[in-house]
Amino acid sequence: MQSIRALLNRIIDYAGLFPPAKLDMQSTVRNYSRYLKSDDAWILGRLIIPVARFAEFELCAAELFPQENDEADDWRISALTAAAGAPEFHDDLQAIESFNLRHEDAGGRAQVDVIEVKADSAPAIDSVLNQLPPDLFAFFEVPIDRDPRGLIAALADGQAGAKVRTGGLTPDAFPSPENLARFIEACASANVPFKATAGLHHPLPHSSDSLNVREFGFLNVFLAGCFAQTHELKASELIQLLDEDSSTAFAFSNGGVAWRNHRIEAANIEDVREEFAISFGSCSFDEPLADLRALNLLE
């Protein structure tokens, strides 16, 4: 369906290096190369690589980069940098510039066009934005256990995005629905794009027996982003949307998707996904797709 394609297009940034998968570099780049050539490549976003592991990445991926006559897409890289305000951050920017120049000279089949950086203050955000070259877009991972509106406001004029951590390896890494809803509402109000990372292993909310927590569903998170942006839903309604644990709560059709008395057209979903609710990082690409197929949302 057109609405499903609009909602899922380029939504998964592959983070195979990170827990719980924590694959080695060779396995990670081989997987990414395989996914790019698969029928599901339209769902795949960027490959997430720490700047500190560029040399290892280039060694492992050298024979896998697409060639000029390949139909596979070029590799788009989202690079994890040192935290905002750290002295190593400037060195990371130089490493990214060198990486892009090397690959441009070699035919331009891999490029870092996004960075992800932790920041916990407006001055730290400003320091990064003042150093950022125009060809890099930054997502700032901000804490949401306290009101994030001040930090999100610091991003509003900087052509930058916010990153939210939606899970992790311990129960305390999972935010409350109230805090996540407040974050999404704040980003929508300030028109600041966002991405998510960690814990979004399933399309719908899922109980993790090992951690004794309720994981968020990535369909819920990104539909919440779509409805927050187009319908100006407040946090109180977004909490309810984030809590929906049945696919029947969302009426998908070719033309759009409805939730309760709200509806968004497929063309609007496409716009919101491209400009606002961007993507989520996942250490697995296969698991989310298997779940979507089990829900009959993918063929």
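Read on for a plain summary of the structure. (Residues numbered from 1 in each chain as written. Predicted model: local features only at pLDDT ≥ 70, side-chain atom pairs only at ≥ 80, totals over all residues. Heavy atoms only, no water.)

**Looking at the overall build of the chain**
Then, number 1: Helix and strand content of the chain: eleven helices and 13 strands.
Then, number 2: Taken over the C-alpha trace, the chain has a radius of gyration of 19 Å; the compact-globule value for 299 residues is 19 Å, and the two agree within 12%.
Then, number 3: Its C-alpha atoms give the chain principal-axis dimensions of roughly 55 × 45 × 40 Å.
Then, number 4: Of all 299 residues assigned to the chain, the portion counted as buried reaches 54%.
Then, number 5: Long-range pairs, those at least 24 residues apart, make up 69% of the contacts in the chain between residues at least 6 apart in sequence.
Then, number 6: Carbon together with sulfur atoms contributes 46% to the accessible area of the chain, which is approximately 13,500 Å² in total.
Then, number 7: Each charge class in the chain was averaged separately, 24 positive and 46 negative side chains, and the resulting centres sit 3 Å apart. (Helix = DSSP H or I, 4+ residues; strand = E, 2+ residues; numbered from the N terminus. Rg over C-alpha atoms; globule rule 2.2 N^0.38 Å. Buried < 20%, exposed > 50% of the residue type's maximum accessible area, 1.4 Å probe, protein only. Contact = heavy atoms within 4.5 Å. Areas by Shrake-Rupley, 256 points an atom, 1.4 Å probe, with all protein chains shown as cover. Lys, Arg positive; Asp, Glu negative; His and termini not counted. Charge placed at Lys NZ, Arg CZ, Asp CG, Glu CD.)

**Considerations on unusual backbone geometry**
Then, number 1: A cis amide bond, omega 0 degrees, links proline 19 with the succeeding residue proline 20.
Then, number 2: Within the element layout of this structure, proline 20 appears in the loop between β1 (12-14) and α2 (25-36).
Then, number 3: Positive phi, close to 60 degrees, is recorded for asparagine 212, a residue that is not glycine.
Then, number 4: Tracing the chain through its elements places asparagine 212 in the loop between β8 (206-208) and β9 (213-215).
Then, number 5: A residue is classified by how much of its surface remains accessible, and asparagine 212, at 71% relative accessible area, is exposed.
Then, number 6: If you check the backbone angles, glutamate 232 has positive phi at about 55 degrees while not being a glycine.
Then, number 7: Counting through the fold element by element, glutamate 232 comes out in the loop between α8 (218-231) and α9 (235-243).

**As for the environment of asparagine 9**
Then, number 1: If you trace the backbone, asparagine 9 turns up in the loop between α1 (2-8) and β1.
Then, number 2: For the pair asparagine 9 and arginine 273, spaced 264 residues apart in the sequence, the C-alpha separation amounts to 8.0 Å.
Then, number 3: What asparagine 9 contacts, discounting residues up to four positions off in sequence, is Trp42 and Arg273.

**Examining the pattern of salt bridges**
Then, number 1: Counting across every chain of the model gives 16 salt bridges.
Then, number 2: A salt bridge links aspartate 40 to arginine 293; its shortest N-O distance comes to 2.8 Å. Of the two residues, aspartate 40 sits in the loop between α2 and β2 (44-50) while arginine 293 sits in helix α11 (residues 286-294), which places them 253 residues apart along the sequence.
Then, number 3: Exposure remark for aspartate 40: the relative accessible area of 15% places this residue in the buried category.
Then, number 4: A residue is classified by how much of its surface remains accessible, and arginine 293, at 32% relative accessible area, is partly exposed.
Then, number 5: Between arginine 102 and glutamate 58 there is a salt bridge, with its nearest N and O atoms 2.8 Å apart. Of the two residues, arginine 102 sits in helix α4 (residues 88-105) while glutamate 58 sits in helix α3 (residues 54-61), which places them 44 residues apart along the sequence.
Then, number 6: Classification of glutamate 58 as buried rests on a relative accessible area of 19%. (Salt bridge = Lys/Arg side-chain N within 4 Å of Asp/Glu carboxyl O.)

**A closer look at the environment of phenylalanine 194**
Then, number 1: Position of phenylalanine 194 relative to the elements: it lies in strand β7 (residues 194-197).
Then, number 2: Sequence separation between phenylalanine 194 and phenylalanine 222 is 28 residues; the distance between their C-alpha atoms is 9.9 Å.
Then, number 3: Once you skip the residues sitting within four places of it in the chain, phenylalanine 194 turns out to touch Phe139, Ala162, Phe183, Cys187, Val221, Phe222, Gly225, Phe276, Ala277, Ile278 and Ser279.

**Here's the deal with the packing of α3 against α4**
Helix packing geometry: the angle between the two helix axes and the distance between the axes.
Then, number 1: In contact at an axis separation of 12 Å, α3 and α4 are set at 20 degrees when each is read in the N-to-C sense. Taken together, the axis directions place α3 and α4 in an arrangement best described as roughly parallel. As α3 packs across α4, the resulting crossing turns out to be right-handed. Packed against α3, whose contacting residues are Phe54, Phe57 and Glu58, the element α4 presents Ala95, Ile96, Phe99, Arg102 and His103 at the interface.
Then, number 2: Considered class by class, the residues forming the contact of α3 with α4 number five nonpolar, one polar and two charged. (Axes fitted to C-alpha atoms, helices over the stretch in contact; angles between N-to-C directions. Parallel < 35°, antiparallel > 145°, perpendicular 65-115°, else oblique. Left-handed = near helix turned anticlockwise from the far one by under 90°. Nonpolar A, V, L, I, M, F, W, Y, C, P; charged D, E, K, R; others polar.)

**Some points on the nonpolar core**
Then, number 1: If you look at the biggest cluster of nonpolar residues, it comprises 96 residues, and the most contacted ones within it are Leu8, Phe57, Trp75, Phe140 and Phe183.
Then, number 2: Per-element tally for this core: the top contributor is α8, with nine residues.
Then, number 3: Phenylalanine 183 has contacts with Val142, Ile144, Pro148, Ile152, Ala162, Lys163, Val164 and Phe194, leaving out every residue within four places of it along the chain. (Core = buried A, V, L, I, M, F, W, Y, C linked by side-chain atoms within 4.5 Å.)

**Comments concerning the pairing of strand β5 (residues 137-141)**
Then, number 1: Burial analysis of β5 places four of its five residues in the buried class, the great majority of the element.
Then, number 2: Direction of pairing for strand β4 (residues 110-118) relative to β5: parallel, over a ladder of five bridges. In the sheet register, valine 117 faces β5, and the bridge partner there is phenylalanine 140.
Then, number 3: Remark: the β4/helix α5 (residues 122-131)/β5 crossover connection has right-handed handedness.
Then, number 4: Bridge count between β5 and strand β6 (residues 161-165): three bridges; the pairing is parallel. Directly across from phenylalanine 139, in β6, lies its bridge partner glycine 161.
Then, number 5: This β-α-β element, β5 to helix α6 (residues 149-156) to β6, shows right-handed connectivity. (Pairing = 2+ DSSP bridges. Right-handed = clockwise from strand over helix to strand, strands pointing away.)

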